[in-house]
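Inside the fold
Next come the chains, spelled out residue by residue.
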Amino acid sequence: MSLYSEYLEEIEVRKKDLGLHPKPIDSAELLSEIIAQIKDTGNAEREASLNFFIYNTLPGTTPAAGVKAKFLKDIVTGAETVAEISPAFALEQLSHMKGGPSVEALLDIALSDDANAAAAGEVLKSQVFLYDADTTRLAAAYKAGNAIAKGILESYAKAEFFTKLADIPEKIKVITYIAAEGDISTDLLSPGNQSHSRADRELHGLCMISPEAQKEIKQMVEANPDAKVMLIAEKGTMGVGSSRMSGVNNVALWAGEKTSPYIPFVNNRPVVAGTNGIAPIFLTTVGVTGGIGLDLKNWVQKKDENGNIVRDANGDAVLEEKFSVKTGTVLTIDTKAKKLLDSEGNVLVDVASAFTPQKVEFMKAGGSYAVTFGKKIQTFAAETLGVEAPVVYAASKEISHEGQGLTAVEKIFNRNAVGVKSKTPLHAGSDVRVKVNIVGSQDTTGPMTCQELESMAAASISTSVDGAFQSGCHTASVWDKKAKANTPKLMAFMNAFGVITARDPKGVYHSMTDVIHKVLNDITVDDRAIIIGGDSHTRMSKGVAFGADSGTVAIALATGEAAMPIPESVKVTFKGQMKPHMDFRDIVHATQAQMLKQFNGENVFQGRVIEVQIGTLLADQAFTFTDWTAEMKAKASICISTDETLIKSLELAKSRIQIMINKGMENEAGMLQGLIALADKRIEEVKSGTAPALAPDDNAKYYAEVVVDLDSIDEPMIADPDVNNEDVSKRYTHDVIRPASYYDGRKVDLGFVGSCMVHKGDMQIIAAMLRNLEKNGPITFKAPLVVAPPTYNIVDELKAEGDWDILAKYAGFIFDDAHPKEAARTKYENQLYLERPGCNLCMGNQEKAEAGDTVLATSTRLFQGRVVEDSAEKKGESLLGSTPMVVLSTILGRFPTLEEYKAAVDGINLTSFAPPSKDLARPSIPLKAI
């Protein structure tokens, strides 16, 4: 059977079973068959083949794109003749193919003596996705006296690929759609359990919100052709949780604009909004697509006649509505005045933050990629021609306050800034390009990152990136058909691209399923580094890390750069003494609770960098705090450490990188060895005093300062989804933090110790607790306990040190890499499950608790349906707590009393923390941006 026949069969199955259109073509072999049928004028499938070729082939550097570009080039040059595709139409299609083979074909034509050379040159003037090989050809042709090359470069120097685009409309009519009340997790827009289909955009679009919502949105789009449907998080924040390019892709698919008539199911320019704004990483993703994200501020805290906040019976601030955005409300965005207007033209709210010069450029260009590449191309052309590039793009916003010191994040951005003109250090609010040191891609968004790299015609990783890792942790639990289909293909692509891969496509080393954040934390070898990762929990305890969409990850891999404003910071310090029966996870939860209390319910962390003076904690333990900052809605977090602690953390990182090398994971470029060399260099800098551990200046300016009182934390703290709160908007946030005594005696159906929130110490705590408890007689579990160590290194060390033996003694299931599970577990026995390293229940895409369970977990996720779904009888709950609390609760089958808890952890060295004896800020030293 031919590939084409198989494709037709697949089309029928998709149409019959799912109501879908043909899947876009990325196979070179299939497209070659289709081209053969186009050439055969008598072929019965010729008309269908023409449609597949023109309208259903993926662009960029896909294998199919290379075949398509060659055939179109042959049509332009007359080597092939197709009645339905004129040379002009062939050039038009090449102009939509976004670089790579298409740019190569256009250059071949433009730099030749072909009759269509000038026309190809005009098309090239609109292209921005050019790489070194392309620009080298142009420069060489120009120097050789080629007039068309000169014209292209002159156009590039003026950035006509941008200036000739239409400006965004002054007035944009929108019609509202309330997607949900309360914080909208990206799980609503792109559920984790459907992650396998994210690269198949039309199929994945079927999982957004609900079929009913999709129907309503489609009807609103059709009924309002002059308006855009604006998806809203009412009384909440839009896009909390993971960054999810797939979430924005789905919104754009249903309510955005078609990017190109020749690129199937790729839409852009969606409009989203939230009463409490947009989550930072989600807003970045909106910018990737040239969309608009609005902070509505339509619900505000109610105040009495004395100006005091009115509170309800629970002590929460009462909100009152300033204006309605109920579904079907017609509004207008005035992009010039930067206001949101009602149907009468009255101003409802200022939306200037959505229309900064930089964001408007993204909207005009159809996305941030085009702006990033456009700036590079303009600079290249101007330098080649020896002319001054005219100011076309908004100037980098460079803010410097004389006499004001720098926060830690300001220091990191100044150190890594690219193309800065200011001769004085930059402060928060500056908008700059920065070098990215470490990049991480995870396996459920990785296929989209590959698509983005192909679409921007990138062929290999930027040489300026110090380290990059592709994980296999999100699909580690079950080696099912979906994982078998997606993961090897992903690993092969990334390995060839120059990324260190978790699973080896060449069969040299044992597959790793280590949690991505743990690996990134290990390969970050500089406390002044900038890290970009394809997950919201890219929050390292060294450097500053930003969770990002798969597209931003792609551009960081391809260019080694990112563009973003320098964020404001909030300073967090500690006072008092941590009680010995408390775990550091309890301190983390208490930080959030105390912050909200100190600021009358205002989350001062949201959208800002938390600079936490943990100081004495090694990178593994400190990561528990930085990881949780994603749930605090912070943009990022930075651990301020002492010199001694930083050196110990870097030595630990070196040892783990060496283990990766020993396993055979090194690539041809020697990336891992290069990281060890960088770690050695940084250690020497700290030891010699030439560059001590990163610290803020003592005269730095913060948005707010939070002091956490350790003395007041006397019992374990639980983050609660509050599933029965009468106010729907207050469910499934991470802001309800309660002491464990609130739950005394409540039944626990399942416990989970795993995800990126735990480290080796947590596994040691389980072993120590089992030894403690078995002194009182045989241990029986009255609820299942699922344990998933985050890394193989931890498993190996536990085995060597003897702690694995007692875990195995009580385990009814132990993972076996030689025979991994091929189906997700649906029922659990009251026993200990030792699962494969990876995300496991936290992801919710493979393993789940039984519907309706009350789960107590070390996970970060308490979103509805993530770890546990609702049953017909009961809402599922994912309560979050410390490892010792989870373990004891599963043995008892219920929440323990404080006395039971203290007895169970007696004598165990929990993840304890003693705050630094003094503020770690240092006197200000002048710093130049480089």
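Our subject is the structure listed above.
Within any chain, residue numbers begin from 1 and follow the written order of that chain's sequence. Restriction of local features to residues with pLDDT of at least 70 applies here, the model being predicted, together with a cutoff of 80 or more for giving and counting side-chain atom pairs; totals for whole chains, interfaces and linings are based on all residues. Side-chain metrics rest on all non-hydrogen atoms present in the structure, leaving aside hydrogens and water.

Topic: unusual backbone geometry
- Although it is not a glycine, Lys 98 adopts a positive phi angle of roughly 65°.
- With respect to the helices and strands, Lys 98 occurs in the loop between α5 (87-95) and α6 (101-110).
- Residue Lys 98 is classed as partly exposed on the basis of its relative accessible area, which comes to 25%.
- Of note in the backbone geometry, Ala 159 takes a positive phi value of approximately 55° without being a glycine. Secondary structure is summarised from DSSP: a helix means a run of H or I of at least four residues, a strand means a run of E of at least two, and numbering begins at the N terminus for each. Only protein chains enter the accessibility calculation, which uses a 1.4 Å probe; a residue whose area is less than 20% of its type maximum is buried, one above 50% is exposed, and one in between is partly exposed.

Details of the side chain of Asp 522
- Mapped onto the elements, Asp 522 comes out in helix α21 (residues 516-523).
- One polar contact links Asp 522 to Arg 656, side chain to side chain, over a distance of 3.2 Å. Polar contacts here mean pairs of N or O atoms no more than 3.5 Å apart (in protein, one a potential hydrogen donor and the other a potential acceptor; neighbouring residues in sequence count only if both atoms are side-chain atoms).

Quick word on the sheet that holds strand β1 (residues 171-181)
- One open sheet accounts for seven strands, arranged β8-β7-β3-β1-β11-β12-β13; its pairing is mixed. Each edge of the open sheet is held by one strand with a lone partner, namely β8 (292-295) and β13 (347-350). Here the strands of the sheet are splayed against their neighbours by 30° on average, with no regard to which way each runs.
- Judged from the four bridges that link them, strand β3 (residues 228-234) and strand β7 (residues 271-274) form a sheet pairing that is parallel. Following the sheet pairing, Ile 232 is matched in β7 by Ala 273. When DSSP finds two or more bridges between a pair of strands, those strands are recorded as paired. Throughout, an axis means a line fitted to C-alpha atoms (over the contacting stretch in the case of helices), and angles, computed between N-to-C directions, take values from 0 to 180 degrees.

Considering the pairing of strand β24 (residues 636-641)
- For β24, the buried fraction is high: six of the six residues fall into the buried class.
- Side-chain alternation along β24 places Ala 636, Ile 638 and Ile 640 on one buried face and Ser 637, Cys 639 and Ser 641 on a second face that is also buried.
- Where strand β23 (residues 609-615) and β24 come together, five bridges link them in parallel fashion. For Val 612, the partnering residue across the bridge sits in β24 and is Cys 639.

Regarding the pairing of strand β22 (residues 569-575)
- Taken across its seven residues, β22 has six buried, putting it largely inside the fold.
- Bridge analysis of β22 against β23 gives four bridges, and the strand direction is parallel. When the bridges of β23 are listed, Ser 569 appears paired with Val 609.
- If the strands point away from the viewer and the path from the first strand over the helix to the second runs clockwise, then the crossover is right-handed. Remark: the β22/helix α23 (residues 584-598)/β23 crossover connection has right-handed handedness.
- With six bridges joining them, β22 and strand β25 (residues 704-709) adopt parallel strand pairing. Residue pairing across strands places Thr 573 opposite Val 707, the latter belonging to β25.

Quick notes on the environment of Ile 168
- By the element assignment, Ile 168 lies in the loop between α10 (160-163) and β1.
- Assessed through its relative accessible area of 17%, Ile 168 is described here as buried.
- Measuring from C-alpha to C-alpha, the distance between Ile 168 and Arg 269 comes to 11 Å, with 101 residues separating the pair along the chain.
- Discounting residues that sit within four places of it in the chain, Ile 168 has contacts with Thr 335, Phe 355, Val 360, Met 363 and Lys 364. Whether two residues are in contact is decided by their heavy atoms: any pair within 4.5 Å suffices.

Overview of the state of the cysteines
- Any two cysteine sulfur atoms within 2.5 Å of one another count as a disulfide. The full count for this structure, using the stated rule, is zero disulfides.
- In this structure Cys 473 is not part of a disulfide, and its nearest cysteine sulfur, from Cys 839, lies 3.7 Å away.
- Judged by its relative accessible area of 0%, Cys 473 falls in the buried class.
- Residue Cys 639 stays outside any disulfide, its sulfur separated by 14 Å from that of Cys 756, the closest cysteine.

Here's the deal with the packing of aromatic side chains
- Within 6.5 Å between ring centres, the rings of Phe, Tyr and Trp (the latter by its six-membered ring) count as paired, and their orientation is classed by plane angle as stacked under 30 degrees, edge-to-face over 60, tilted in between. Counted according to the given criterion, the structure contains 19 aromatic pairs.
- Taken together, the aromatic side chains of Tyr 4, Tyr 7 and Phe 52 make up a single cluster linked through ring pairs.
- The rule for a charge over a ring is simple: NZ of Lys or CZ of Arg within 6 Å of the ring centre, and within 35 degrees of the ring normal. The lysine or arginine in question, Arg 738, covers the ring of Tyr 742, its NZ or CZ lying 4.3 Å from the ring centre.
- Sitting over the face of the ring of Phe 813, Arg 825 holds its NZ or CZ atom 4.8 Å from the ring centroid.

Some remarks on the nonpolar core
- Here the nonpolar core consists of buried residues drawn from Ala, Val, Leu, Ile, Met, Phe, Trp, Tyr and Cys, with membership extended through side-chain atoms lying within 4.5 Å. Core analysis: the largest hydrophobic core is formed by 143 residues, its most contacted members being Phe 53, Ile 85, Phe 469 and Leu 557.
- Per-element tally for this core: the top contributor is helix α17 (residues 368-385), with nine residues.
- Beyond its immediate sequence surroundings of up to four residues, Leu 557 is in contact with Val 439, Thr 449, Leu 453, Ser 460, Ile 461, Ser 462, Val 465, Ala 468, Met 494, Phe 497 and Val 499.
- Grouped together as the second largest cluster of nonpolar side chains are 48 residues, Met 582, Leu 617, Leu 880 and Phe 913 included.

Considerations on the sheet that holds strand β20 (residues 544-547)
- With parallel pairing, the five strands of this open sheet are ordered in space as β18-β17-β16-β19-β20. Of all strands in the sheet, those bounded by a partner on one side alone are β18 (500-501) and β20.
- In the sheet, strand β16 (residues 438-441) pairs with strand β19 (residues 530-533) via three bridges, with the strands oriented parallel. Within β19, the residue paired with Ile 438 across the bridge is Ile 531.

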